[in-house]
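Remarks on the overall topology
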Amino acid sequence: MTVNLEVSAGVGTIRLDRPPMNALDIATQDRLKELAEEATQRDDVRAVIVYGGEKVFAAGADIKEMQDMDHAAMVLRSRALQDSFTAVARIPKPVVAAVTGYALGGGCELALCADYRIAADNAKLGQPEILLGLIPGAGGTQRLARLVGPSKAKDLIFTGRMVKAEEALDIGLVDRVVPAAEVYEQAHAWAAKLAQGPALALRAAKEAVDTGLETDIDTGLAVERTWFAGLFATEDRERGMRSFVEEGPGKAKFL
């Protein structure tokens, strides 16, 4: 398989495994969607890591495969391409991308689908599609602009240039830069901590933030208050408040 899901202690790792560069061909895209949906459904997965291995995250789409596609073929395929990435973005659990080496084109777009990005100090990210006479087609024009702002997104998309880890951190494209040998360990620590948290509240927080970014503030506030009130019906809310009153803040256990 070109993508695998490994689960341990509440953390699911979606691992790209298509050496040497984890090129995202159609089979890999479809498998990615399948496993994102599985991670969504499985109760034993409470947080997710997206990882390409020690050397490379994903160097982009399979250009040789795409070269043979005409307009009609891509009209049929483009929705499935976006859907595979959207399935990752809509996992209703905390998702962290552990980025090593290259994350270019579709690889960068996949990292954008995570809630948090930890990059190796040797990572290089970018949207080089313009150099092929194309634009990003797996969400890059939308998610990148929402993350780093339209001006910085246009610079990256218009020029197709790669940015090193430190610049990616400076512009908000990644959230933390660590030594390459520590990327997965740090991502796992982030995911493992949240895997111990209140699952419904984390789901509510993610949906409220993401919905708010996609709509007007009044709609976002309506989503927020609906979730906020709804969480008062959960056992986790009872446990969290009881622990706060009896033991002080930050000591509640939700498993």
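Structure's up top.
Below or above, wherever it landed, is the structure these notes cover. Small disclaimer: the values here were computed from a predicted structure and weren't measured. Every chain is numbered independently, its residues counted from 1 as its sequence is written. A pLDDT threshold of at least 70 governs which residues receive local features in this predicted model, and a stricter bar of 80 or more applies before side-chain atom pairs are shown or counted, although totals over entire chains, interfaces and linings include all residues. Excluded from the side-chain calculation are hydrogens and water; included are all heavy atoms of the structure.

**What about the nonpolar core?**
Think of a nonpolar core as a cluster: buried Ala, Val, Leu, Ile, Met, Phe, Trp, Tyr and Cys residues, connected wherever their side-chain atoms sit within 4.5 Å. Partly exposed describes any residue whose relative accessible area lies between the buried limit of under 20% and the exposed limit of over 50%, with all areas from a 1.4 Å probe on protein chains only and scaled to the type maximum. Counting residues in each nonpolar core, the largest one holds 46 residues, and the members touching the most others are Phe-57, Val-99, Leu-125 and Leu-173. Secondary structure elements are taken from DSSP: a helix is a run of H or I of four residues or more, a strand is a run of E of two residues or more, and numbering for both begins at the N terminus. Here the element with the most residues in this core is helix 3 (residues 71-89); it accounts for five residues. Excluding anything up to four places from it in sequence, Val-99 contacts Phe-57, Ala-111, Ile-118, Ala-119, Ala-120, Ala-123, Leu-125 and Val-183. Within the second largest apolar cluster, 15 residues are counted, among which are Ala-98, Ala-120, Val-183 and Ala-195. Throughout, a residue-residue contact means that at least one pair of heavy atoms, one from each residue, lies within 4.5 Å.

**Focus: empty space enclosed by the protein**
A pocket here means an open set of points on a 1 Å grid, computed over the protein atoms alone, that has protein on both sides within 12 Å along at least five of seven lines. A cavity is instead a set of points where a 1.4 Å probe fits but cannot get out; residues with an atom within 4 Å of a point line either one. Grid points are joined across faces, edges and corners, and a volume is the space filled by probe spheres set on the points. Scanning the model with the defined rule gives one cavity of 30 Å³ or more in all. Taken as a whole, the largest cavity encloses approximately 80 Å³ of empty space. Considering the residues around the largest cavity, the lining is formed by Leu-24, Ile-26, Gln-29, Ala-61, Asp-62, Glu-65, Met-66, Met-69, Met-74, Arg-77 and Leu-81. Of all elements in the fold, only helix 1 (26-41), helix 2 (63-67) and helix 3 reach the threshold of two or more residues within the lining of the largest cavity. Counting residues per element, the lining of the largest cavity draws most heavily on helix 3, which supplies three residues. Under the scheme applied, nonpolar residues are Ala, Val, Leu, Ile, Met, Phe, Trp, Tyr, Cys and Pro; charged residues are Asp, Glu, Lys and Arg; polar residues are all the others, including Gly. Here the lining of the largest cavity is composed, by residue class, of seven nonpolar, one polar and three charged.

**As for the sheet that holds strand 5 (residues 102-104)**
Only when DSSP finds a minimum of two bridges between them are two strands counted as paired. As summarised here, the arrangement of the three strands in space is 5-7-8, forming an open sheet in which the pairing is mixed. Across the chains shown, the open sheet's two edge strands, defined by having one partner strand only, are strand 5 and strand 8 (162-164). Each strand of the sheet is rotated relative to its neighbour by a mean of 20°, with strand direction disregarded. Lines fitted to the C-alpha atoms define the axes, with helices restricted to the stretch that makes contact. Angles between their N-to-C directions range from 0 to 180 degrees.

**A short note on the environment of Ala-111**
Residue position: Ala-111 is located in helix 4 (residues 106-112). Between the alpha carbons of Ala-111 and Leu-131 there is a distance of 20 Å; along the sequence they are 20 residues apart.

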